[in-house]
Amino acid sequence: MIRKYRLGDPIETESVVCPMPVTEGLPEGLLYVSEGCFKKVLTENTRVYGLGETVRGINKRGWKYISNCTDDPVHTETKHSLYAAQNFILVWDADDAVGYYFDTPCKVEFDVGYERYDELVVRLETPDAYVYEITPDLAENESKASEADTPCRRVVRQFRHIIGRSYIPPRWAFGYGQSRWGYKSREDIENVIKGYKEADIPLDSVYLDIDYMDAFKDFTINEKTYPDFPGFVKEVKDKNIHLVPIIDAGVKIEKGYEVYEEGIEQDHFCKKEDGTPFVAAVWPGRVHFPDLLKKETREWFGEKYSFLLDKGIDGFWNDMNEPAIFYSEDGLKEAFKKIRSFEGQNLDIGTFFQFTNVVETINNNPNDYASFYHEYMGKRFRHDKLHNLYGYMMTRAAGEAFEKLSPDKRILMFSRSSYIGMHRYGGVWTGDNDSWWSHILLNIQQLPALNMCGFLYCGADTGGFSANTTEDLMLRWLTVSIFTPLFRNHSALGTRDQELYRFPHKDWMRGMVRLRYALIPYLYSEFMKAALNEDMYIQPLSFAYPEDDRACCTEDQLLVGESIMIAPVYTQNAKGRYVYLPEDMKMLRFEGDVLKEEKVLEKGDHYIDVSLKEVVVFLRKGHALPLAKPANTTAELKNDLTYICFDADPGSYDLYTDDGITPVK
Ligand code: GLC
């Protein structure tokens, strides 16, 4: 059952698509303390889930999370905000599950037992929001219960129903993708493809980072380094490989650059209070931000993707759309003035840090976010009042345009920044992680929360973006990423090369990727069923085994689809790990795509050895797992499947197939 409440005068976000009447009063399960502040008592056993892409565990208790889309590349557990604002929270206590969605683009603070262990406090920056309260019982018109429904899952399914169907990518986007910031030329990309081919490692896509553009200008191509781009796209496509370029939020200010000129002429850029366009800086130096909150600007910007679609491109990633600001023109002037004021002083304990602070706080500065405006639904809004919608609206611009520009073909799209609602137009990747062991665990823990919020198509930069990766870290990370819908290896400029063919044990890496391809019929089926039934693709154990306290406390094992559980090894030098089985399961030990061992294990704790070249999967009782013969691209995968079963018939498995390209109506 879902009830919608109105607090003050909320800004419409269009994140919820089901029209619903507003219930008078305030949510029953929350205590309204004062202006935009709610409280709820947490008992010792209360678990709190949701909030999408944030730091820390699956159970969010014990920290404070702030929805405030932030370009912060250091994802340590000290942080409160990452790139996304996904304000859905699920509070679960014994049989009692209740979900809340705080639909407001302003900052929202979720103190989940941070100040007091036994209290949830939600503080809205301004007391204007729609608040949805979702209980597991179903009203007549609500989505039907499925057999597997447990209280948490039922709450999530109802929530997902009101926010609309999750984005569905083309099937090739389940293949493996190679990316790196710093592929400078067509030749670099050709070498990457050659490297994978020679190493016989499957590959479906290569990503083009900002280096493909002319001077970091959106919707341009550097003709010198990428000559005959359409010919290149075709040459690569003939090998069944897709090129996926990046698009950034900022538009370079440059006389004669079409996107800039048109944007000025047609009034598409965000303005300052005095009516002049706001000048910020990102990769190309000075930029304007398109006012993507404005419908006409969304249409204009979305149409620009045709520049690349017309050249044969069929996938994109949207970046820097929090939006990230290196500095603003005004902020920079101010900073220089301040810095000069320190000249000649004896910088001491107080003043030295004030001095360094001037430069340290110049990027993504709150003053800048409070100094430009949007036109949204016929009204003017200062950016910071609806900051969290910007990435959503950028991706919506693209998604809505694709419906017109490419009505017969799904286009791959994922974004860095997001708000709930964006999940209908694209997926997300989890941004600039590091090649740290702790970030494998973070990756595991973010996945179910993203699913709860509708972001089914998601994944992390496999191997880690910043810092130098190592062979063992990459191998262990692969044992997570081969199960995530988005499976991309991405790394930062200046870090050690991490294409899989470069590693001494590339045969082990090949094996892992081949296993991924063997699993694609299953992973794609489970993804599609989750999308079409508004359900979870990756679940925490507690969603399936709510009565099992051990399962509910397990933070490093996941259910992937209906048939399997994974328990990846994510600690340095570990030779295996303890795995908790919430029921009897069949352990499947793979070396590459070759099944080496099948063994039924009883419910309970087991120490499982897992060498660096192995992947261990646990098959649930009464379930089957289809496997394909691996191929080097998804286009070459055949549907002659073999099934591994545990007390089930192959026929019991509900395989989903389609052409993988036609948009699903
Ligand atoms: C941002 C993105 C990263 C990309 C880089 C250069 O840091 O998060 O993925 O490689 O910008 O475009």
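Everything numeric in this text was worked out from a predicted model, so none of it was measured.

Asks: Quick question: what am I supposed to make of the sheet that holds strand β33 (residues 594–601) here?
Replies: Each strand in a sheet pairs with its neighbour through backbone hydrogen bonds, running either in the same direction (parallel) or in the opposite one (antiparallel). The strand order β28-β29-β30-β35-β32-β33 describes an open sheet built from 6 strands, whose pairing is antiparallel. The sheet is open, and its two borders are formed by β28 (538–540) and β33, each paired with just one other strand. Here the strands of the sheet are splayed against their neighbours by 30° on average, with no regard to which way each runs. In this sheet, β33 lies alongside strand β32 (residues 585–591) in antiparallel orientation, the contact comprising 7 bridges. Considered in β33, the bridge of Glu591 is made with Val594. With respect to the sheet, helix α11 (residues 437–452) is in contact with β28 and β29 (558–560), its orientation differing from that of β28 by roughly 110°.

Asks: Please clarify how the site of the ligand should be interpreted in this entry.
Replies: In the vicinity of the ligand lie 13 residues, with Asp209, Asp319, Arg416, Asp432 and His490 positioned nearest. In the model, an oxygen atom of the ligand is placed 2.5 Å from a nitrogen or oxygen of the Asp209 side chain. Note that an oxygen atom of the ligand is positioned 3.1 Å from one of the side-chain N or O atoms of Asp319. Considered on its own, the ligand offers 310 Å² of accessible surface; in the complex 97% of this is hidden by protein.

Asks: Before we go on, may I ask you to explain the side chain of Thr46 in this structure?
Replies: Structurally, Thr46 is set in the loop between β3 (37–41) and β4 (47–50). Every residue in contact with Thr46, bar those within four places of it in the chain, is listed here: Asn59, Arg61, Val91, Trp92 and Asp93.

Asks: Would you take a moment to explain unusual backbone geometry for this structure?
Replies: For residues other than glycine, phi is negative in most cases, and the peptide bonds are mostly trans. Here the bond from Glu322 into Pro323 is cis, since omega is -5°, no more than 30 degrees from zero. Relative to the helices and strands, Pro323 resides in the loop between β18 (315–319) and β19 (327–328). In this structure, Ala467 is a non-glycine residue whose phi angle is positive, near 70°. Here Ala467 shows up in the loop between β26 (461–462) and α12 (471–481). With a phi angle near 50°, Asp647 is a residue other than glycine that sits in the positive phi range. Along the chain, Asp647 turns up in the segment after β37 (642–646).

Asks: Got a minute to help me understand the sheet that holds strand β16 (residues 280–282) in this structure?
Replies: Spatially, β15-β17-β16-β19 is the arrangement adopted by the 4 strands of the open sheet, whose pairing is antiparallel. Taken across any chain shown, the strands that pair with only one partner, and hence form the sheet edges, are β15 (251–252) and β19.

Asks: What is the right way to read the nonpolar core from this model?
Replies: Here is a general trend for soluble globular proteins: nonpolar side chains tend to be buried in one another's company. Within the largest apolar cluster, 171 residues are counted, with the highest numbers of intra-cluster contacts made by Phe88, Phe289, Tyr305, Phe316, Phe483 and Leu500. By residue number, the principal contributor to this core is helix α13 (residues 506–532), which donates 15 residues. Apart from the residues lying within four places of it in its own chain, the contact partners of Tyr305 are Phe219, Ile247, Phe316, Asn318, Met394, Ala398, Phe402 and Met413. Counting residues in hydrophobic clusters, the runner-up holds 24 residues, among them Val55, Tyr83, Phe110 and Val131.

Asks: I'm lost on the environment of Asp314 in this one. Help?
Replies: Along the chain, the position of Asp314 falls in the loop between α6 (306–309) and β18. By relative accessible area, Asp314 is classed as buried at 4%. Here the alpha-carbon distance between Asp314 and Pro170, two residues 144 residues apart in the chain, equals 9.2 Å. If we ignore the near neighbours within four places in the chain, the residues touching Asp314 are Trp172, Lys237, His242, Lys409, Arg410, Ile411 and Leu412. Within the structure, Asp314 has its side chain in polar contact with the side chain of Lys237 (distance 3.3 Å). Side chain to side chain, Asp314 and His242 meet in a polar contact 3.1 Å long.

Asks: It is not clear to me how the packing of aromatic side chains should be interpreted in this structure. Could you clarify?
Replies: Aromatic ring pairs are reported here in terms of the distance separating the ring centres and the angle at which the planes meet. This structure, assessed with the given rule, holds 48 aromatic pairs. On the numbers, 6.3 Å between centres and 75° between planes, the contact of Tyr167 with Tyr457 is edge-to-face. Of the two residues, Tyr167 sits in the loop between α1 (151–163) and β12 (176–178) while Tyr457 sits in the loop between α11 and β25 (458–459), which places them 290 residues apart along the sequence. One exposure class covers both Tyr167 and Tyr457, and it is buried. Each member of the aromatic cluster is reached from another via a ring pair, and the members are Tyr167, Phe174, Tyr207, Trp317, Phe414, Trp429, Tyr457, Tyr524, Phe527, Tyr537 and Tyr656. One residue, Arg61, lies across the ring of Tyr117, its end atom 4.0 Å from the ring centre. Over the ring of Tyr524 we find Arg171, and its NZ or CZ is 5.6 Å from the ring centre.

Analysis parameters
- Residues numbered from 1 in each chain as written.
- Predicted model: local features only at pLDDT ≥ 70, side-chain atom pairs only at ≥ 80, totals over all residues.
- Heavy atoms only, no water.
- Pairing = 2+ DSSP bridges.
- Helix = DSSP H or I, 4+ residues; strand = E, 2+ residues; numbered from the N terminus.
- Axes fitted to C-alpha atoms, helices over the stretch in contact; angles between N-to-C directions.
- Contact = heavy atoms within 4.5 Å.
- Near = heavy atom within 4 Å.
- Polar contact = N/O pair within 3.5 Å; in protein donor to acceptor, adjacent residues only side chain to side chain.
- Areas by Shrake-Rupley, 256 points an atom, 1.4 Å probe, with all protein chains shown as cover.
- Core = buried A, V, L, I, M, F, W, Y, C linked by side-chain atoms within 4.5 Å.
- Buried < 20%, exposed > 50% of the residue type's maximum accessible area, 1.4 Å probe, protein only.
- Phe/Tyr/Trp six-rings, centres within 6.5 Å; stacked < 30°, edge-to-face > 60°.
- Lys NZ or Arg CZ within 6 Å of the ring centre and 35° of its normal.

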